[in-house]
Each structure stands twice: as structure tokens, then as C-alpha cells.
Amino acid sequence: MENVLRPLIVLGGSILLTLLVGWLSDLLLRRADERHHTRTPLWGLLRRCRIPVQLVLLSALLRGAYRQTAWRIIQDHAAGIGRALTLVLIGASAWLVVRIASAVVEATYTRYAAATRNADRRRRVRTQVTLIMRIVTAVVAVVATAAMLLTFPDFRAVGTSMLASAGILGIVAGVAAQSTLSNVFAGFQIAFGDMVRIGDTVVVDGEWGTVEEVTLTFLTVRTWDERRITMPVSYFTSKPFENWSRGGAQITGTVYFHLDHAAPVPLMRERLHRLLQESPEWDGRSWSLAVTDTTPSTVVVRAVVTARNADDVWTLRCAVREQLVAWLTEHHPYALPRVATTAAPGRTDGPARLDGVRPDGAERADGPGGADRERPDLGRGPERDRRTEHGPTLERDRVRRARR
């Protein structure tokens, strides 16, 4: 009877005590969160630690009392069971430490974000606390792994023998992990040098997007079409890139129009102003429309608009471009660029040559009443050849005969 009751008391008591402690801790944290939720969300975040706490408590109880079960199978494998419970206890403890650190860091950032209205500072602190949390997680994982390995006697002997050659191994590891280490240090530089932050709008390698994730080794940019570009953080410390959110989220955008020289620029300026006043994306800071360049066939008209952020300025630029082109097409179609295939308006003839023939093949008649009268070309027959061969004399004779 004792062989049955003792295992039940050890195992069942450990499980019941674990469940009771977990329930009591969650109850206390819930009441504390209801009482202090407006001031800090820490107590609510600490409720995430319920499962790690129960796992730590259960593994610790079993680790200290598993030999009291007096089961033969446990007695035969006591060393292996004890080592397994120790490994579970170390892993659960590491999990609990990470959860507590995450709750503290997130609660601290939440209180800071609620008290700070500057969006740039919030993004900077968010990037820093994210990297700090990753560093804490990495350190805890390394320490927990080392603690697990030290529970095995064979690894202790290997570790002792490796200490003698630690210098050589350190040099070899440093050379082999040079790129990795450079990315790690670049991650620290980005986090605390305020170069780029989570939520910043950047342009890298011709791609426009928003910084979505920053780690110690890589950075993820989410493009406008929802693609993810993963880049090493060393890229941002060694190459130039555009940060549209640096110094403030507000931004200025431009729209270029290639139009005919007769384009009604003053009317376009008035139309642009009305469009901006009706657009919710315009922040009201500035706007302008001016001719910035000319070519032999067109003029370049530039419209400048401002918006609160990069997303709004993109939408505003597209709307201005679309609506102004539609307005010109409907009310001023002559302002759109076209290829000239006729003579310029206001001139009826081109420059005459010495023989009275214009470059386009027509000729001018001389004499009273015929100074501005044009006649068609005579063609390419023998008469044209004789005219070309004998020069202006034959041409004047032919004109006199035509007059008679």
C-alpha cells in the first residue's frame, strides 16, 4: 500500500501545488492589473509568465522529491531522470527570465509612448528596446545552454581541455565570423546611433518601403506592394540610403508635366490650389506650380505639394497628376504635347529661295497682283530639268508666258 500511496503523494502533490500556485499568482496579478491598469500595464503583462512559473515549480518539486517515490524503475534510472529534470528546470528558468524581462521592457516602453507625443522619439525608443530585448534573449539562451552542457561530466572535461587553446580558438572564430560580428556591431550602431528606426520610410537600392523589423544582424523593409526585403544591417552603416522619416514625417512631393508651349499655366495654378483644398492628404504647409524647363517642343511644369507622411504624399501626387491631366484634356486640349506637322500659325509662306521656289516645292509669282500668289510645282519632268539646267533665265521666261 505504501508503494502506491507514496508515488501518488509525490507526483499528485507536486502537480496540485503547481496548479494552486499558478492560479493564485494569476488571480493576484489580475486584481493588480485591474487596480493599476491606467498607470502601468506591467501586471497584465506579467500574467504571461503563468506557464513558465508552473513549469519551473513543477520541475523543481519533482527534482527534489522524485527519489521518494520508491519506484524500482525510478531507482534504476535515477541519474538520467535527475539530469532530465535539471535540464527542464534550467530551460524553464530561462523561459521565465525572458518573459519577465519582456514584460518589464514592454511596460516601460508603453508608459514612455503614452507620455511622449513625438513620433520620432517613440520609433527610436521602440527600436532600442526591441534590440535590447533581443540581446537579453540571446544572453539568457547562451547562459542556459552553457548551464545545460555543464550538467554532463564529459562536457566538463572537454571544456577544461579547451581552455588551454582558448586564445587560438578566439582568433580563428573572430576571423571566421568577421561578417557576423560586423553586422552585430552595426546593429548596436543603428539602435543607439539613431540612424534608422522601426516605422521609418526608407529607399534602399531603388526600393521604397517601411522598416518593419530590426535585429542584431539583419533589417527587414516592407515595400509598398507588401514584399519583404531582408538586408544586413551593415548595409546601412556602409552605404548611403534615403530616410524620408528623418527629422520629421512630413514630406514634399513633386509632379512634372510635359506640355505644349501654349499651356495655360496661371489657370493650372488656380486649378491645383482648388484640388489641394479639397484633398484630405494635403497638410496645408506649402504648394506651388511653375515652369521649370523648356524644350523645342514642350515646356516642363512642376507642381510641388506637401503632406504629413510618405504614404499621403504618394496618394496626393497621384491624385494631382490624374486630375490635372483630365482637366487639361477636357478644357484645354491644346495644352497637351503634340508633334507639329503643319506650318506655324500666323504665316502663309516660308522663306523663298533665289529662284523664287519655296523649300516645300511651291513657287511665288512676281509682278503686279502676283507677289503673294503661289503656284504648284511643275513636277519632275523635262521642264523641271531644263529649269534646273539653265537657271533663272528659263524660269523668268516661263513665268512671263504664264502671265500672257
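Residues numbered from 1 in each chain as written. Predicted model: local features only at pLDDT ≥ 70, side-chain atom pairs only at ≥ 80, totals over all residues. Heavy atoms only, no water.

### Thoughts on the sheet that holds strand β1 (residues 201-204)
Operational definition: A pair of strands is considered paired only if DSSP assigns at least 2 bridges between the two. Strands here mean DSSP runs of E at least two residues long; helices mean DSSP runs of H or I at least four residues long; both are numbered from the N terminus.
Spatial strand order, β4-β3-β2-β1-β5: 5 strands in an open sheet with antiparallel pairing. Here the strands that pair on one side only, and so sit at the sheet edges, are β4 (228-232) and β5 (242-243). Pairing of strand β3 (residues 218-223) with β4 involves 5 bridges; the strand directions are antiparallel. Within the sheet, the bridge partner assigned to T220 lies in β4 and is T230.

### Thoughts on the pattern of salt bridges
Applied cut-off: Between Lys or Arg on one side and Asp or Glu on the other, a salt bridge is scored when a side-chain nitrogen of the former is within 4 Å of a carboxyl oxygen of the latter.
Overall, the coordinates contain 12 salt bridges when judged by the stated rule. Each of D26, R30, R47 and R50 takes part in one network of salt bridges that share partners.

### Examining the environment of T315
With respect to the helices and strands, T315 occurs in helix α12 (residues 310-331). Separated by 36 residues in sequence, T315 and S279 have C-alpha atoms that sit 9.9 Å apart.

### Some details on unusual backbone geometry
Note the threshold: Here the term buried applies to any residue with accessible area under 20% of the maximum for its type, exposed to any over 50%, and partly exposed to those in between, with areas from a 1.4 Å probe on protein chains only.
With a phi angle near 55 degrees, D205 is a residue other than glycine that sits in the positive phi range. With respect to the helices and strands, D205 occurs in the loop between β1 and β2 (207-214). Of note in the backbone geometry, E226 takes a positive phi value of approximately 70 degrees without being a glycine. When you line up the elements, E226 lands in the loop between β3 and β4. When its relative accessible area of 62% is taken as the criterion, E226 is described as exposed.

### A look at the nonpolar core
The condition that has to hold: What is meant by a nonpolar core is a set of buried Ala, Val, Leu, Ile, Met, Phe, Trp, Tyr and Cys residues, joined one to another through side-chain atoms within 4.5 Å. The contact rule is simple, with two residues in contact once any of their heavy atoms fall within 4.5 Å.
Of all hydrophobic cores here, the largest spans 21 residues; its most connected members are F257, L259, M268, L289, V320 and L324. Elements with a contribution of two residues or more to this core: β6 (251-259), α11 (265-278), β7 (282-294), β8 (299-307) and α12. Those residues in contact with M268, other than ones at most four positions away along the chain, are F257, L259, L289, V301, L324, W327 and L328. Of all hydrophobic cores here, the second largest spans 16 residues; its members include L131, V196, Y235 and F236.

### Regarding α12
Stated precisely, the cut-off is as follows: Expected helix span is taken as 1.5 Å per residue step, with the number of steps being one fewer than the number of residues. Directions drawn from the helix axis to the C-beta atoms are what define this arc. Two N or O atoms form a polar contact when they lie within 3.5 Å of each other; inside protein one atom must be a possible hydrogen donor and the other a possible acceptor, and for residues adjacent in sequence the pair counts only when both atoms belong to side chains.
Taking 1.5 Å per residue as the helical rise, α12 with its 22 residues ought to reach 32 Å, and the 31 Å between its terminal C-alpha atoms agrees with that figure. For α12, the full list of buried residues reads A310, D312, V313, L316, V320, L324, W327 and L328. For α12, the angular spread of buried residues about the axis comes to 140 degrees, placing them on one side. Exposed positions of α12 whose direction lies more than 90 degrees from the buried face are W314, E322 and E330. Tucked inside the fold, the buried residues of α12 contact β1, β2, β6, α11, β7 and β8. The N-capping residue of α12, defined by a side-chain oxygen 3.2 Å from the backbone nitrogen of D311, is N309.

### Let's talk about a nonpolar patch on the surface
For the record, the criterion: Residues with no salt bridge and a relative accessible area higher than 30% make up the patches, which join like charges within 9 Å and nonpolar side chains (Val, Leu, Ile, Met, Phe, Trp, Tyr) within 5 Å. All accessibility values rest on the Shrake-Rupley procedure with a 1.4 Å probe; residue burial counts only the protein chains present in the view.
Taken together, L17, L20, V21, W23 and L24 make up a surface patch of nonpolar side chains, about 430 Å² in accessible area. For L20, the position within the fold is in helix α1 (residues 2-36). Residue classification places L20 among the partly exposed positions, given a relative accessible area of 45%.

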